[in-house]
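# Coordinate inspection notes
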Amino acid sequence: MKTHVEDTAENHTPHIIVVGGTSGLGLALALHHLQLGWQVSVVGSNEAKIADINNQHPTIVTYACDLTDVIQTQSLLDKLSATSFQRLVYSAGSYTNERVHHLNQADSDKMLAINLQAFAQVFRWASAQSKQQHQSLGVSKSDRPSLICIASIAGTMDYPYASLYAKSKRAMIAAASAYRAALAPYNIQVNCIASGYIDTQALRDLNDGDASHKPFIMSTPTAVDEVMQAIYNDVALAIFPRSMRYITRALNHLPKPLLNWILRSKLDKSS
Ligand SMILES: NC(=O)c1ccc[n+]([C@@H]2O[C@H](COP(=O)([O-])OP(=O)(O)OC[C@H]3O[C@@H](n4cnc5c(N)ncnc54)[C@H](OP(=O)(O)O)[C@@H]3O)[C@@H](O)[C@H]2O)c1
């Protein structure tokens, strides 16, 4: 783990930490906050992505950390404890074409570590930090801290045949809901994002460079707008796009065996 630039959070500029902010939706959210005048810190493990951000956006503070490593993650959090933040986004995620390719041990370990275990570690730290800030500084309604996690619409459906990805995102949705209730007395906002397909490089890479065939896929700027609206309106669980929200809501009303059969026949088609 390395710190690119020493943190300068001691000013009055609001500070956002985006864990998983070196590419895709996380980076887009980081850049959006930069445009809004926020101080921005991002965390990721890929040295090339970090070097790119350091070159192109020197005011962004970058942290290299492999979130699958509990000790490295703890030492990152210890370092971040020296700063204060108004918003933390957990956008780190790992996904594969699990349905097409059999889930191997390495993918299984990585997915569980990033989507579930590191998320739990980071949110535990972030909630404690926010509470401490609340007690020492007090927060007004306008600058209430917020913790945001990027789950997936896949986690909104409950059926036995769900993938490890869907199950880990479902756990994230449940955890975010518990944190939201627990942090309400501290005036700390918690929002969970359950998005449909977003046309990021990572999704394109999984689909031979083109993910346009994915149902109701949206652009990254559209997803950023949706996330910002969800934060602004303090939506507990933001499910978008609307078309997918209606479909998953309808599917959740079906008897479980039927839902299982539909999703199994649908998802087992190649990508
Ligand atoms: N794209 C979609 O269609 C879609 C739909 C619904 C939900 N989501 C969710 O949205 C989030 C962002 O997805 P994306 O498409 O923008 O993918 P992405 O570009 O791959 O972003 C994932 C982020 O997680 C970080 N990350 C992954 N493994 C890490 C590790 N071991 N240590 C530290 N950081 C790690 C990556 O940084 P490094 O590469 O630098 O490690 C990157 O910054 C994910 O949680 C995903 O599940 C995506």
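Note that the structure is a prediction, hence the values are computed from the model and not measured. (Residues numbered from 1 in each chain as written. Predicted model: local features only at pLDDT ≥ 70, side-chain atom pairs only at ≥ 80, totals over all residues. Heavy atoms only, no water.)

### What about the site of the ligand?
As a matter of local geometry, the ligand sits amid 31 residues, with Ser45, Lys49, Tyr95, Tyr165 and Thr200 nearest to it. Residue Gly20 places a main-chain N or O atom 3.2 Å away from an oxygen atom belonging to the ligand. Here an oxygen atom of the ligand and a side-chain polar atom of Ser45 are 2.4 Å apart. Here the ligand loses 93% of its free accessible area of 870 Å² to cover by the protein chains. Broken down by secondary-structure element, the contributors of at least two residues to the shell around the ligand are α1 (24-35), α5 (164-183) and α6 (201-206). Considered class by class, the residues forming the shell around the ligand number 13 nonpolar, 15 polar and 3 charged. (Near = heavy atom within 4 Å. Polar contact = N/O pair within 3.5 Å; in protein donor to acceptor, adjacent residues only side chain to side chain. Areas by Shrake-Rupley, 256 points an atom, 1.4 Å probe, with all protein chains shown as cover. Helix = DSSP H or I, 4+ residues; strand = E, 2+ residues; numbered from the N terminus. Nonpolar A, V, L, I, M, F, W, Y, C, P; charged D, E, K, R; others polar.)

### Here we look at the pairing of strand β2 (residues 39-44)
Within β2, 6 of the 6 residues are buried, which leaves the element mostly enclosed by the surrounding structure. Summarising the sheet, strand β1 (residues 15-19) and β2 pair through 5 bridges and their orientation is parallel. Paired with Ile17 across the bridge in β2 is Ser41. In this view, the connection linking β1 to its parallel neighbour β2 by way of α1 has right-handed handedness. Each parallel crossover has a hand, and for β2 linked through helix α2 (residues 47-56) to strand β3 (residues 61-64) it is right-handed. (Buried < 20%, exposed > 50% of the residue type's maximum accessible area, 1.4 Å probe, protein only. Pairing = 2+ DSSP bridges. Right-handed = clockwise from strand over helix to strand, strands pointing away.)

### With respect to the pattern of salt bridges
All told, the structure shown has 4 salt bridges when counted by the stated rule. Here Arg144 ties to Asp234 by a salt bridge, and the two come within 3.3 Å at their closest N and O atoms. With Arg144 in the loop between α4 (105-137) and β5 (146-150) and Asp234 in the loop between α7 (220-232) and β7 (237-240), the pair connects residues that are 90 residues apart, well separated along the chain. On the basis of relative accessibility, which here comes to 18%, the residue Arg144 falls in the buried class. You can call Asp234 partly exposed: its relative accessible area is 23%. Residue Arg170 is joined to Asp158 by a salt bridge in which the shortest nitrogen-to-oxygen separation is 3.8 Å. With Arg170 in helix α5 and Asp158 in the loop between β5 and α5, this pair connects stretches of sequence that are 12 residues apart. In this structure Arg170 comes out as partly exposed when scored by relative accessible area, which is 31%. (Salt bridge = Lys/Arg side-chain N within 4 Å of Asp/Glu carboxyl O.)

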